[in-house]
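Here are the chains, one letter per residue:
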Amino acid sequence: MRKYISTLCLLLSAAFILPSCMNEDEVSVTLYDDTAITGFHITSAKITRHTLSSKGEDSTFIITDETVSRFPFSIDHQRGEIYNVDSLPLGTDAEKLLCAYYTKNNGYVLIENVLNDSVKYFSTTDSTDFRVPRYVQVHASDNSSSRRYRITVNVRQEETGVSKWSRLPDCEYFKSMKGVRILADGNAVYAFGSDGTNTSVYACDITDGSVWTQRNVTLGADIYNNVTVRNDSLFILDGETVKVSADGGQSFADLAASTGLARLVGCGTTELHAIYATGEPAVSTDGGRTWAADRAEADNAADKVMLPAYAVSYDCSAFKYNDNTDYAVMAVTRNETDANPMVWRKIVEYGAGSMPGKWVNIGKDDSYRYPLPAMKSLCLFGFGGNQYAVGLKAVEDGGGTILSPIYESRDGGITWKANKKHTLPESIDNAATSVAAVTDMNGNIWIVCGGTGQVWRGKLGV
């Protein structure tokens with residue numbers, strides 16, 4: 001191996017000295033007797049990505065990613081080691097990596113062959129195989145000294161950021177539910193479940209999850225579709241009357257009668273949201289005591305009418321771009337045959353001097369490639385500043401329904417995509433007749449399945 005190195009070093013030295021011999025009056029070349037590699041990073045990599053199709057099937061695609069240059073490499077000169085502490089992303093093809101390096105005093109770098117004792121110039125324009133550690137030699141420009149380094153490129157071998165779920169004890173109460181809605185407030189999770197005749201109320205401590213206590217109250221069959229919670233108060237719409245419970249659902253008292261409301265949708269930090277029987281949005285800013293028409297904006301007048309509705313789902317989360325701001329999203333499915341619900345969003349600022357917000361219909365056009373699909377038992381929930389949806393989707397051959405994938409929207413409800421990192425539990429029972437989800441104060445997502453009684457708690461991959 002040494003005879004090859006000597007020959008190559010003489011050739012490289014000649015390349016440095018020759019310009020000086022040809023024109024000594026204009027070019028001066030200084031050679032140094034010491035050198036080192038002072039910097040190293042990967043500049044480009046091919047990465048295999050996974051995604052889910054609209055049918056929930058796994059598919060892959062390959063991208064060329066230059067953001068890998070942001071992964072820093074450490075250099076231990078004493079031990080001759082170059083390595084990255086933070087592994088490159090899962091799916092990175094380590095066989096074909098482009099890299100860049102820097103040397104002290106214009107030293108030149110040779111890379112050793114893995115299979116034999118030959119060396120060659122370490123190129124930054126040709127890809128290098130880093131599936132195994134590679135040894136490189138940096139030589140001083142006068143060939144009087146050299147250093148040897150081992151470069152190790154670490155690539156993540158296991159997928160991180162995947163969803164993690166824990167199955168809690170099944171709840172017998174939920175097995176008879178034909179419709180269900182769950183709410184989280186403080187240390188409690190509440191379930192409103194309908195058996196088709198009555199709606200019952202259940203409560204569970206978020207630190208437990210194994211014991212659901214039924215409240216001694218019986219409500220109308222459709223009440224579960226008209227519930228919300230804020231600041232230890234549960235609100236329901238019974239007919240046109242808004243009622244409130246201050247004791248965790250043990251009892252409900254009239255708060256506002258003859259409101260003209262047809263659906264109680266949800267609430268944020270300062271506002272309660274509903275829909276009038278006329279189909280127009282309604283808002284209360286005094287805790288449900290009085291109601292007024294809310295502002296709405298749509299491409300045409302017909303889209304402003306939200307009712308009649310087959311299903312309404314709602315989520316309100318802290319706006320990730322501004323303080324003292326809520327971001328509310330509402331999905332309205334007008335009838336059972338709709339392919340996609342109408343999605344509305346409202347930005348509600350509640351800081352000093354804030355102006356009132358309005359509902360804006362996220363319309364569809366030719367570029368609207370990933371709309372939220374209509375689903376039975378559709379529910380929205382927030383997590384990590386984004387919006388998510390899950391429900392029951394129809395089986396293509398007409399064989400009933402199964403649980404849908406979790407759809408994620410990173411742009412405030414405009415586009416919705418299934419993401420492999422955001423998956424339901426593998427062993428969740430697809431025979432659920434209804435499903436509900438909510439995020440509690442600790443960032444845990446709860447899923448309750450009517451018909452099977454299954455209860456799950458976990459977090460989505462990020």
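Please read all numbers here as calculations on a predicted model, not as lab measurements. (Residues numbered from 1 in each chain as written. Predicted model: local features only at pLDDT ≥ 70, side-chain atom pairs only at ≥ 80, totals over all residues. Heavy atoms only, no water.)

## Quick notes on unusual backbone geometry
With the exception of glycine, most residues fall at negative phi, and the peptide bonds are largely trans.
At step 1: Cis peptide bonds are those with omega within 30 degrees of zero, and the linkage from Leu307 to Pro308 qualifies with 5 degrees.
At step 2: For Asn105, which is not glycine, the phi torsion reads 55 degrees and is therefore positive.
At step 3: As for its position among the elements, Asn105 is in the loop between β5 (98–103) and β6 (108–112).
At step 4: Despite not being glycine, Asn231 has its phi angle at roughly 50 degrees, a positive value.
At step 5: When you line up the elements, Asn231 lands in the loop between β15 (227–230) and β16 (233–238).
At step 6: Given the relative accessible area of 58%, Asn231 is considered exposed. (Helix = DSSP H or I, 4+ residues; strand = E, 2+ residues; numbered from the N terminus. Buried < 20%, exposed > 50% of the residue type's maximum accessible area, 1.4 Å probe, protein only.)

## Regarding the confidence of the model for the protein chain
At step 1: Here the protein chain shows a mean pLDDT of 88. Residues at 70 or above account for 89%.
At step 2: Low pLDDT, under 50, characterises residues 14–25; the predicted model gives this stretch eight contacts beyond four residues in sequence or across chains. (pLDDT = per-residue confidence, 0-100. Contact = heavy atoms within 4.5 Å.)

## Considering the pairing of β15
A regular strand places its side chains so that they alternate between the two faces of the sheet.
At step 1: The two faces of β15 match: Val227 and Val229 on one face and Thr228 and Arg230 on the other face are all buried.
At step 2: Where β15 lies against β16, four bridges are found, and the strand directions are antiparallel. Residue pairing across strands places Val227 opposite Ile236, the latter belonging to β16.
At step 3: Taking the residues that link successive antiparallel strands as the turn, the β15-β16 hairpin has two residues, and the phi of Asn231 there is positive, at about 50 degrees. (Pairing = 2+ DSSP bridges.)

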